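Summary of the model geometry
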Amino acid sequence: MASEVQNSNPTILNVADLPTRLSSAAASKAGTGSTGALASIFSTSAYSIDWPTGLNLSSDSSDEDVIEEPIDEQEIYDLISSISDPEHPISLGALAVVSLPDIAIKPTLPDVLGSDLRTISVLITPTITHCSLATVIGLGVRVRLEQSLPPRFRVDVRIKEGSHSTAEEVNKQLADKERVAAALENGTLMGVIAKMLESCR
Amino acid sequence: MSALQTFMLVVDHDKQEAQQIAERVAQDVESKKTTLIEVVQSLVEYVNDEDPILRGKAVSFLTAVIKELPPKFLTRQQIQVLTTFFCDRAQDGGAVAGLETLQKLDRFNKPLAEEVARAIFEQFQDLQSRSQSQRFQVYQLLNELMLNYRSALHDMGDESLVGIVDLVTGEKDPRNLMLVFSILKVVMVEWDISTHAELLFDAVYNYFPITFRPPPNDPYGITAQDLKDRLQDCISSNSLFAPHAIPSLLDKLDSTSPNVKRDALNALIACIESYDPNTVSRYSITIWETLKFEILNAQEEFLSELSLKVLQGITKRLSEGITQISDQLPLAQYLRPITKECNEQLREPQQKQAKPAQQILSSVSSASAPAFTLIVQTVVAPLLTIYQEADGIAKQRALLDTLGVLFDSSIKVFGEWASRDSELTFENPLLEFKDQFSEIFGQALMGAIKEEVSFRTSALKGLLRLSVLRDYFQDNEIGLFVQYLDEILLKEESVGRDDIKKEAITALTEISKHKPRLILDITFPAFVATLPDSIEEADKGYMKTLDVLAKISVEKDIFETLVRRLLSKLNVLLQREHSGSVEYPRAILLTILFVMNQRKMEEDPNLEFYYDKIVVSLCRSAAAGSTSPAPNNILSDATVLDVLGRLCNLIVRALPRSKQDEIAQNVYTLFTSTEEFQPVPFAPSPNASQKRTMILSTAILAALPADVPNLPYATNPNMSALLADMANRATGETEPATQYAFLRHLALLANKFLPKSDLALASDLFYALLPPGSETSRVNPGTIHTLFWLSKGLVLRLAPTTTQHLTSLLALVSSVDEETSLTAARSFSILLRHDEILSATNGANIRLLCRQRVFTTLTPQISSRIREVNLSSSSAAAAEPQPQTQHIKPAHLTALSGILSTIPPPLVLPELPTLLPLLLQTLDLSTAASTPVRLATLSTLAVIIRDNGVAVIDQCGHVQSLVTRLLSTAEYSPANHHPKLRVDALNCLYLLAQTPGSSSSGGAESAAPAIARTGRLSPLLPVKNQVVRALRAILDDPKREVRKAAVDARAAWLRGVDDAGDEED
């Protein structure tokens, strides 16, 4: 690993500006209508009237429980955007190394009806075009996704076109299963990746 | 044998004996039986001996004798002779101690001190080859001379300076160094060191950085920090050290160890604080050039913070005594390269190094008014230019934030409106840019598209800072900002998480502290105007309005106005004909409750007014309206009465005692006359509205002190009839809110107002409701609730019959009637649950040990009962199933989880071996009805695991069974339909794999991996594969929150549970 910092002054996005899932479900659940998240002084927990019947679980939420929430691009983004960059204690999201539009989920076998196999493709954009850590970052993203997704998902991590001088080389490395497996046996490399994943929430 | 000989024989092994000998000789000298000369002469035989040990012992004898003499006994000549003698013999043991004794005597003098000092310097050239204790004695003597005869040493000038430095050079013992540093510091501060600055500096700087680490159980208790502090004091003691100190300290910043760098930076700060400003000025730019790197490419946060402190320290020193700001000032010269660098970095304000540049500006500009002025002059104009040319909103936003940093500094330097500092001599340099700021920030806040939340938020924060900055904006300018905020809150649609609205509320609250008038004049009318005058017109918008009003009404005048306006609004509503939803009037009351809760009502000057308008008037309306036709249903609605009750409770509690005594009579009449309203207790057939007023009565009663006189129905002859009436009404009541009021009223009476001597009355009532032996037959739910609430009142005060009551209640759970059993089981959580009426705030009688008692009484009984059921069901399984007892085990588990949910975890822990099997059995329940029980169990488990780690589970031998049950609870299946169940189970799994107790127990070791700590493999290792595999399937749960929890749990197991313990062992 290069000991010298390669890009000491990258551009950083403001955390508040990163894409997040608006808790639309939560808002409508609190939902005495349009009060939204604002009306905190009327929050039910602080001023509710609890009846004497002890453990009485309200079964009102049963309708919502039925609604399925499939894994979507935002969820993938949330999984990988909190990975730290190996050079800076800054998240990949804030450095715009990963971004929401560059994540896609597609059926792996579009011709087979009812197949639930999915392929996730993630394009990463290194902060500078000659970044030798691009492979490590790609590997980190891959490891995080493989740890966090059910078996029916295939993961495809690549460097975004035109963002890196040796993109083809790196992509080949990242796509080669055996090379990835070999890399994951490497203690030092796994140490670096474990450190990157520490900040994942 | 002479005294001397005896002394020399015993001195090594019997200190006490030796001292006694010396005492005797001293007495002889004192009483003139012998003379000092004879004592000295007796030494002759030994003081010239070849053996240094013998010589030492002989000299010690003399020292010991002198020590025992009274301080005024020796004449000046004698002291002189003795001093000379000891000085000659300084190298012999005991001589140094003798000198130390002599210099304490009254007749010792300056020339002698000089002689002693010289003797020390001459005779101890080889001091460092001697033992630690000998060196310590010499330093101690020197230190004493420093204290008592400093002028003598001072007058010796360079001789003493060089002498001392030579003497101490090479010292390594930390105890000695503590003394050495303090001696040297005196020399550094008081001597003329101009010719020997480097010598002195080197004498102490050789020890930098201190790497001493005290041995374990060090009896002297000297820490590295003690040494560092003294060393730092020395380095920073004299400006003449600057040419040596500052370059050396800056060099140390090249070190790879962050600790060395920390010490160097701390020393730099100390130097800057104590060297004279001219010296500081000479090195200021050099220091900046070096520290720049530390801040812009921060390795560690604390190093960057310390570096910023250094820069700020320099700025403060260079600002001293400035009356006129000019470019020629040393301060200006120092700031020039700094602002240049910052300007350069801030040109691209989104890049990583813009942040440290902001920090530099912040710490330097907040140091003083002149510094702030100089910085504003060079920084603001370029920033504004970049802003105008900026190509994107993100960049503009970063620039607004940078300006915000300067505004913060400005507040630090010039104060806020509300702060009462003295007037400053300098004008705020930001005034020059006032119009530009108004325009840019106003435009950014109101002109940007609504989706640019973070950009608008930055603008809002900037304007807020300028609004609270003292003597900056005019009132009309702040007023304009307030109008912006009103507009944001009242007119704008919600966007995203409503961050901008939250910020707007915070801003209004902040402004209300500084300019309450503006809020009252602008915001209040605008908001109150949107509140509808009748319920029919009320759309949900009023909630937002009330919410905002409540939050900004922190300041006294605003609070008062708000309450008055809301009360008159409420009165308008009460006059109108209406039936239907009462949410709007209830929200108004809730708002009043919220703002009153924020204030200390006891000190409120308008308390009487609130009492009349809210407690007396509204309660009377509620009571009178219950028996006669009222225009609307507002005051007969249970939820409205509940809020009104809390308000009354709050106000009555704050009233003076005399007033409270008066109120006692009105607890049930509710301030009505007899014609208007008949109180509920003992009323023959009250209607539903009438009974509902008990909600108010209960809340008011709870606010009264326990020993209040004149409580109705309480003393005629005792409370028995009232208790029975309440219990009776509670049992038969069908409306839940009213029943709740009766139940709490009963519990309140039994807990707080029933005299200790009359406790038997409550116990009698208990057995009247539940005759002994009737526990296993059918009992109606109303009676069960009454029993539990009555018991709650008694258990909290630990009445003598507590145990019997608890046992009777538990017997209900074994009832063959399923409904009785389940109702009772669910009610166990009532006993200790927090209740707003029976609370410590209301002065309820809550004993500390009541939780312990409930837990230790009930848990063993539940545990043995479940074992019984398990046994009988397994033996009966072959024969014939017993359908009427199948519910008993789940019911007991329900009761248990109800109790556990109200017991603090530390109490639970000792019982864990008994409890854990029971808790695991609750996780096996799979009916929908058991969901709350399982949730309660999971939250208990989560707390236990979080605080104590996997070790406690392992000690009970249940890791495997716990993990298996957690995994099956986390699985998506009809039994685990409720997503929270699955999330909580996953959370427990996550906590299992976390290293435990890093915050609580464990101490320094807790940072090490689990294996290294316990010295063996993690107990989780055998199940790791099972967990990781099972969790992979759960990653496909249909609910997002469950998947999130599964991801976290799986990551924790992959990361935290090590395959091999090869880290350290």
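Source: prediction; values computed, not measured. (Residues numbered from 1 in each chain as written. Chains lettered and ligands numbered in written order. Predicted model: local features only at pLDDT ≥ 70, side-chain atom pairs only at ≥ 80, totals over all residues.)

Describing the overall build of chain B
Looking only at helices and strands, one finds 52 helices and zero strands in chain B. Its C-alpha atoms give chain B a radius of gyration of 41 Å, more than 25% over the compact-globule value 31 Å for 1065 residues. If you line up chain B on its principal axes, its C-alpha atoms span 115 × 85 × 70 Å. The buried share of chain B, taken over its 1065 residues, is 44%. (Helix = DSSP H or I, 4+ residues; strand = E, 2+ residues; numbered from the N terminus. Rg over C-alpha atoms; globule rule 2.2 N^0.38 Å. Buried ≥ 20, exposed ≤ 12 C-beta atoms within 10 Å, placed from the backbone.)

A few points about the overall build of chain A
Each helix and strand counted, chain A has eight helices and three strands in total. Taken from the N to the C terminus, the helices and strands of chain A come in the order α-α-α-α-β-β-α-β-α-α-α. In chain A, buried positions account for 29% of the 201 residues. Pairs at least 24 residues apart make up 67% of the contacts formed inside chain A by residues separated by at least 6 positions. (Contact = placed C-beta atoms within 7 Å.)

With respect to the packing of helix α17 (residues 301–319) of chain B against helix α18 (residues 330–346) of chain B
Residues and elements named next belong to chain B. One can describe the packing of α17 onto α18 by two numbers: an axis separation of 9 Å at closest approach and a directional angle of 155 degrees. The orientation of α17 with respect to α18, classified from their angle, is roughly antiparallel. α18 is crossed by α17, and the crossing has left-handed handedness. Here α17 contributes Ile 314, Leu 318 and Ser 319 to the contact with α18, which in turn contributes Pro 330, Leu 331 and Tyr 334. (Axes fitted to C-alpha atoms, helices over the stretch in contact; angles between N-to-C directions. Parallel < 35°, antiparallel > 145°, perpendicular 65-115°, else oblique. Left-handed = near helix turned anticlockwise from the far one by under 90°.)

Some words on unusual backbone geometry
Residue and element names in this part refer to chain B. Omega for the peptide link from Phe 208 to Pro 209 comes to -10 degrees, which places this bond in the cis form. Positionally, Pro 209 belongs in the loop between α12 (197–205) and α13 (224–235). Of note, the phi angle at Tyr 713 is positive, near 60 degrees, even though the residue is not glycine. Inspection of the secondary structure puts Tyr 713 in the loop between α35 (694–703) and α36 (720–732).

Notes on the packing of helix α24 (residues 475–491) of chain B against helix α25 (residues 499–514) of chain B
All names here are of chain B. It is the contact of α24 with α25, at a shortest axis distance of 9 Å, that shows an interaxial angle of 145 degrees. Crossing angle aside, the handedness with which α24 passes α25 is left-handed. Between α24 and α25, the residues in contact are Ile 478, Val 482, Leu 485, Ile 488 and Leu 489 and Ile 500, Lys 501, Ala 504, Ala 507, Leu 508 and Ile 511, respectively. For the contact of α24 with α25, a count of residues per class yields ten nonpolar, no polar and one charged. (Nonpolar A, V, L, I, M, F, W, Y, C, P; charged D, E, K, R; others polar.)

Focus: α18(B)
Residue and element names in this part refer to chain B. Over its 17 residues, α18 extends 25 Å from the first C-alpha to the last, a length consistent with the 24 Å expected when each residue adds 1.5 Å. Most pronounced at Arg 336, the bend in α18 amounts to some 30 degrees, and the proline Pro 337 follows within four residues. Among all positions of α18, only Leu 331, Ala 332, Tyr 334, Leu 335, Ile 338, Thr 339, Cys 342, Gln 345 and Leu 346 are buried. For α18, the secondary structure elements touched by its buried residues are α16 (277–296), α17, α19 (354–365), α20 (369–389) and α21 (393–414). (Expected span 1.5 Å × (residues − 1). Bend = angle between axes of the 7 residues up to and from the residue.)

Comments concerning the UniProt feature "domain: MMS19 N-terminal" (unreviewed entry) in chain B
Sequence positions flagged by UniProt for "domain: MMS19 N-terminal" (unreviewed entry) are, in local numbering, residues 40–297 of chain B. Along residues 40–297 of chain B one finds 71% helix and 0% strand; the C-alpha atoms at either end are 72 Å apart. (UniProt positions renumbered as here; feature names shortened; annotations may be inferred.)

Notes on the environment of B:Leu406
Residue and element names in this part refer to chain B. As for its placement among the helices and strands, Leu 406 is situated in helix α21. Taking the number of C-beta atoms within 10 Å as the measure of exposure, Leu 406 has 25 and is therefore buried. For the pair Leu 406 and Thr 84, spaced 322 residues apart in sequence, the C-alpha separation works out to 69 Å. Setting aside chain neighbours within four positions, we find Leu 406 in contact with Leu 361, Ser 365 and Val 376.

Examining the sheet that holds strand β3 (residues 153–159) of chain A
Strand pairing in a sheet is mediated by backbone hydrogen bonds. Such pairs are either parallel or antiparallel. Residue and element names in this part refer to chain A. Spatially, β1-β2-β3 is the arrangement adopted by the three strands of the open sheet, whose pairing is mixed. Pairing within the sheet leaves two strands with one partner each, and these edge strands are β1 (103–107) and β3. Here the strands of the sheet are splayed against their neighbours by 20 degrees on average, with no regard to which way each runs. Across seven bridges, the pairing between strand β2 (residues 118–124) and β3 is parallel. In the strand pairing of β3, Leu 123 is matched with Arg 158. (Pairing = 2+ DSSP bridges.)

Quick look at the domain arrangement of chain B
Per the domain assignment, the segments of chain B are domain 1 (1–108), domain 2 (126–224), domain 3 (608–704) and domain 4 (713–848). Computed over C-alpha atoms only, the centres of domain 1 of chain B and domain 3 of chain B are separated by 93 Å. (Domains from an automatic or database assignment.)

Some thoughts on the confidence of the model for chain A
Detailed reading of the predicted model is not advised wherever pLDDT is low. All names here are of chain A. Per-residue pLDDT for chain A averages 76, and the proportion of residues at 70 or more is 75%. Under a pLDDT of 50 for its full length, residues 24–39 has, in the predicted model, 20 contacts with residues more than four places off or in other chains. Predicted confidence is poor over residues 44–64, with pLDDT under 50, and the contacts of this stretch with residues over four places away or in other chains come to 26 contacts. (pLDDT = per-residue confidence, 0-100.)

Quick look at the pairing of β2(A)
Residue and element names in this part refer to chain A. Two elements, β1 and β2, share five bridges in a ladder whose sense is antiparallel. Across the sheet, the residue bridging to Lys 106 is Thr 119, located in β2. Taken together, β2, helix α5 (residues 134–148) and β3 form a β-α-β motif whose crossover is right-handed. (Right-handed = clockwise from strand over helix to strand, strands pointing away.)

Thoughts on the nonpolar core
As a rule of thumb, soluble globular proteins bury nonpolar side chains together. Ranked by internal contacts, the top residues of the largest apolar core, which has 352 residues, are B:Leu647, B:Cys648, B:Leu746 and B:Leu790. Here B:Leu746 is in contact with B:Leu723, B:Met726, B:Ala727, B:Ala730, B:Thr786, B:Trp789 and B:Leu790, once residues within four sequence places are set aside. (Core = buried A, V, L, I, M, F, W, Y, C linked by C-beta atoms within 7 Å.)

Here we look at helix α8 (residues 132–148) of chain B
Residues and elements named next belong to chain B. Over its 17 residues, α8 extends 24 Å from the first C-alpha to the last, a length consistent with the 24 Å expected when each residue adds 1.5 Å. Every buried residue of α8 is accounted for by Arg 135, Val 138, Tyr 139, Leu 141, Leu 142, Leu 145 and Met 146. Axial view of α8: buried residues confined to an arc of 155 degrees, hence all on one face. Opposite its buried face, α8 presents the exposed residues Gln 132, Ser 133 and Leu 147, each directed more than 90 degrees away. (Arc of directions from axis to C-beta.)

Here we look at the environment of B:Pro209
All names here are of chain B. Overall, Pro 209 belongs to the partly exposed group, with 19 C-beta atoms counted inside 10 Å. Between the C-alpha atom of Pro 209 and that of Lys 352, which follows or precedes it by 143 residues, the distance is 32 Å. Every residue in contact with Pro 209, bar those within four places of it in the chain, is listed here: Lys 252, Val 260 and Asp 263.

Describing the confidence of the model for chain B
Residue and element names in this part refer to chain B. Residues at a pLDDT of 70 or more form 96% of chain B, whose mean pLDDT is 88. The model gives residues 997–1013 a pLDDT under 50, and that stretch makes 23 contacts with residues more than four places away or in other chains. Two summary scores accompany this predicted model of the complex, namely pTM at 0.78 and ipTM at 0.86.

Things to note about the environment of B:Arg213
Residue and element names in this part refer to chain B. By secondary structure assignment, the location of Arg 213 is in the loop between α12 and α13. Judged by C-beta crowding, with 9 C-beta atoms within 10 Å, Arg 213 ranks as exposed. With 677 residues separating them along the chain, Arg 213 and Pro 890 place their C-alpha atoms 59 Å apart.

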